[in-house]
Amino acid sequence: MDFALNDDQRAIQDAARAFADAELAPHSARWDEDKHFPVDVLKAAAEMGFAGIYTGEEHGGMGLGRVEAALIFEELSRGDVATAAFISIHNMATWMIDSFGSAELRARFVPSLVGMEKIASYCLTEPGSGSDAAALRTTAVRDGDHYVLNGSKAFISGAGTSDVYVVMVRTGGEGPKGISTLVVEAGTPGLSFGANEKKMGWNAQPTAVVSFDDCSVPVANLVGEEGAGFKYAMAGLDGGRLNIAACSLGGARLALETAQEYVAGRKQFGQAIGQFQNTQFELADMATDLEAARLMVLRGAWAIDTGHPEKTKWCAMAKRLTTDACFQIADQALQLHGGYGYLKDYPLERIVRDLRVHRILEGTNEIMRVIIARELAK
């Protein structure tokens, strides 16, 4: 068992770290404060290949594995969690089209997505079906060579700004086998967006309701087979869960590094608080939990890359453990800063706010437990 990265993986990690240090970290506080969606920086990330990390090379993707993706997302999120998380969502939507779409659909959309000439959003959650995703109600009724969509999607990252929406819709009966996936382009009549949600965190990306009112979409925009959309969505979420876990790693790592620097210089009772054994034990536990979480993410990534039959279980385990642990690491780093951690002069309060939602999205951590328990019972 070899835990060392190879030369290519180290080079990829170094490139992502350099990009995050130069293009994300210096602006993260301002983007959060101004609720600014840095589209120009997203396009710069695409020039590095980060918009098509595990999309195939035929249409311009990097064709890398999920291990490499985890390395990239950890580094990017150390620069800015919210922006890295959106890049993850874009990658998931692009990968779904590339993996399951027809040759014609892939040729139409994938090249512009991997270059981020077009930005993609992933649309599964609805106001009435969050964790119970298979109960979604957005319909797509066949009418000649078009589908007519009616319904809405909630909590959609990039809504109103994205150019492409990968949408799970009901084309058949109840349950998962009645769900299909369609690509809906911005500007399609009947497509509209709600107001930008006022969120606790993730302020560097817009989030809104996406609505369909007799929205007519060509049948040619169907991804794969009719009735297979839920299967595609769940396959996408295996990787999406790892991505968001990796984004948690980066945020928690920055929090830990910030805390280490702070306690070395902050003096109380005549000595640096980093010299107190309680502080040292706290840092030791935080570092241990971060490393354990990283190993879980890499194991899940390896499972996807190798097609392991238990990959869904391991991805759920990695997402549950990592997002919980990393939130606690960030919260403890804030605690070590005392009142200063609560101020926006330090990155801790932003990291805590951004990481909190990772325990909810891509399937809540309660749903991760359901998935794990179901797999254990087989």
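- Per an unreviewed UniProt entry, the chain goes by Acyl-CoA dehydrogenase and derives from Brevundimonas naejangsanensis.
- UniProt, in its Sequence similarities (unreviewed entry) section for the chain, records the words "Belongs to the acyl-CoA dehydrogenase family."
- Here is the UniProt Cofactor (unreviewed entry) comment for the chain, exactly as written: "FAD".

## Section: the pattern of salt bridges
Pairing between side chains of opposite charge can happen when the charged atoms of each approach one another.
Consideration 1: In the structure shown here, the tally under the stated rule is 25 salt bridges.
Consideration 2: Of the charged contacts in the structure, one is a salt bridge between Arg253 and Glu257, with a shortest N-O distance of 3.4 Å. Of the two residues, Arg253 and Glu257 both sit in helix α7 (residues 229-265), four residues apart, roughly one turn of that helix.
Consideration 3: Note on Arg253: relative accessible area 13%, which makes it buried.
Consideration 4: Take Glu257: its relative accessible area is 28%, and that puts it in the partly exposed class.
Consideration 5: Taken together, the shared-partner salt bridges in this structure form one network comprising Asp14, Arg17, Asp21, Glu74, Glu75, Arg78, Arg253, Glu257, Glu291 and Arg294.

## As for the side chain of Arg66
Consideration 1: Mapping Arg66 onto the fold places it in helix α4 (residues 66-79).
Consideration 2: Buried within the structure, Arg66 lacks any salt-bridge partner; Asp305 is the closest side chain of opposite charge, at an N-O distance of 5.2 Å.

## Some points on the packing of α7 against helix α9 (residues 311-336)
Consideration 1: Running from amino to carboxyl end, α7 crosses α9 at an angle of 20°, the nearest separation of the two axes being 8 Å. Considering the angle they form, α7 stands roughly parallel to α9. Between α7 and α9 the crossing geometry is left-handed. From α7, Asp238, Arg241, Leu242, Ile244, Ala245, Ser248, Leu249, Ala252, Ala255, Ala259, Tyr262 and Val263 reach across to α9, where they touch Lys311, Thr312, Cys315, Ala318, Lys319, Thr322, Thr323, Cys326, Ile329, Ala330, Ala333 and Leu336.
Consideration 2: Class assignment for the residues of the contact of α7 with α9 results in 16 nonpolar, four polar and four charged.

## Re the UniProt feature "domain: Acyl-CoA oxidase/dehydrogenase middle" (unreviewed entry) in the chain
Consideration 1: Mapped onto this structure's residue numbering, the UniProt feature "domain: Acyl-CoA oxidase/dehydrogenase middle" (unreviewed entry) falls at residues 122-215.
Consideration 2: In this annotation, residues 122-215 is assigned 0% helix and 48% strand; the end-to-end C-alpha distance for the span is 17 Å.

## Here's the deal with the environment of Gly128
Consideration 1: By secondary structure assignment, the location of Gly128 is in the loop between β1 (120-123) and β2 (139-143).
Consideration 2: Among the residues examined, Gly128 registers a relative accessible area of 79% and is labelled exposed.
Consideration 3: Counting along the chain gives 26 residues from Gly128 to Ala154, while the straight-line C-alpha distance between them is 9.0 Å.

## As for the nonpolar core
Consideration 1: Counting 94 residues, the largest nonpolar core has Phe73, Leu76, Ile97, Tyr122, Met168 and Trp202 as its most contacted members.
Consideration 2: When residues in this core are grouped by element, the largest group, 17 residues, is from α7.

## Some points on the pairing of strand β7 (residues 207-218)
Consideration 1: Judged from the 10 bridges that link them, strand β3 (residues 146-157) and β7 form a sheet pairing that is antiparallel. What sits directly across from Lys153, in β7, is Val210.
Consideration 2: One ladder, built from three bridges, connects strand β6 (residues 191-193) with β7; its direction is antiparallel. Considered in β7, the bridge of Phe193 is made with Val210.

## Quick notes on the packing of aromatic side chains
Consideration 1: Counting across every chain of the model gives 10 aromatic pairs.
Consideration 2: Seen from their ring centres, Phe19 and Phe50 are 6.0 Å apart, and the 80° between their planes marks the pair as edge-to-face. Linking Phe19 in helix α1 (residues 7-24) with Phe50 in the loop between α3 (39-47) and α4, this pair joins segments that are 31 residues apart in sequence.
Consideration 3: Among the residues examined, Phe50 registers a relative accessible area of 2% and is labelled buried.
Consideration 4: The rings of Tyr54, Trp95, Phe100 and Tyr232 are connected pair by pair, giving a single aromatic cluster.
Consideration 5: Geometry around Trp314 places Arg299 over its ring, the cationic atom sitting 3.8 Å from the centre.

What counts and how
- Residues numbered from 1 in each chain as written.
- Predicted model: local features only at pLDDT ≥ 70, side-chain atom pairs only at ≥ 80, totals over all residues.
- Heavy atoms only, no water.
- UniProt positions renumbered as here; feature names shortened; annotations may be inferred.
- Salt bridge = Lys/Arg side-chain N within 4 Å of Asp/Glu carboxyl O.
- Helix = DSSP H or I, 4+ residues; strand = E, 2+ residues; numbered from the N terminus.
- Buried < 20%, exposed > 50% of the residue type's maximum accessible area, 1.4 Å probe, protein only.
- Lys, Arg positive; Asp, Glu negative; His and termini not counted.
- Axes fitted to C-alpha atoms, helices over the stretch in contact; angles between N-to-C directions.
- Parallel < 35°, antiparallel > 145°, perpendicular 65-115°, else oblique.
- Left-handed = near helix turned anticlockwise from the far one by under 90°.
- Contact = heavy atoms within 4.5 Å.
- Nonpolar A, V, L, I, M, F, W, Y, C, P; charged D, E, K, R; others polar.
- Core = buried A, V, L, I, M, F, W, Y, C linked by side-chain atoms within 4.5 Å.
- Pairing = 2+ DSSP bridges.
- Phe/Tyr/Trp six-rings, centres within 6.5 Å; stacked < 30°, edge-to-face > 60°.
- Lys NZ or Arg CZ within 6 Å of the ring centre and 35° of its normal.

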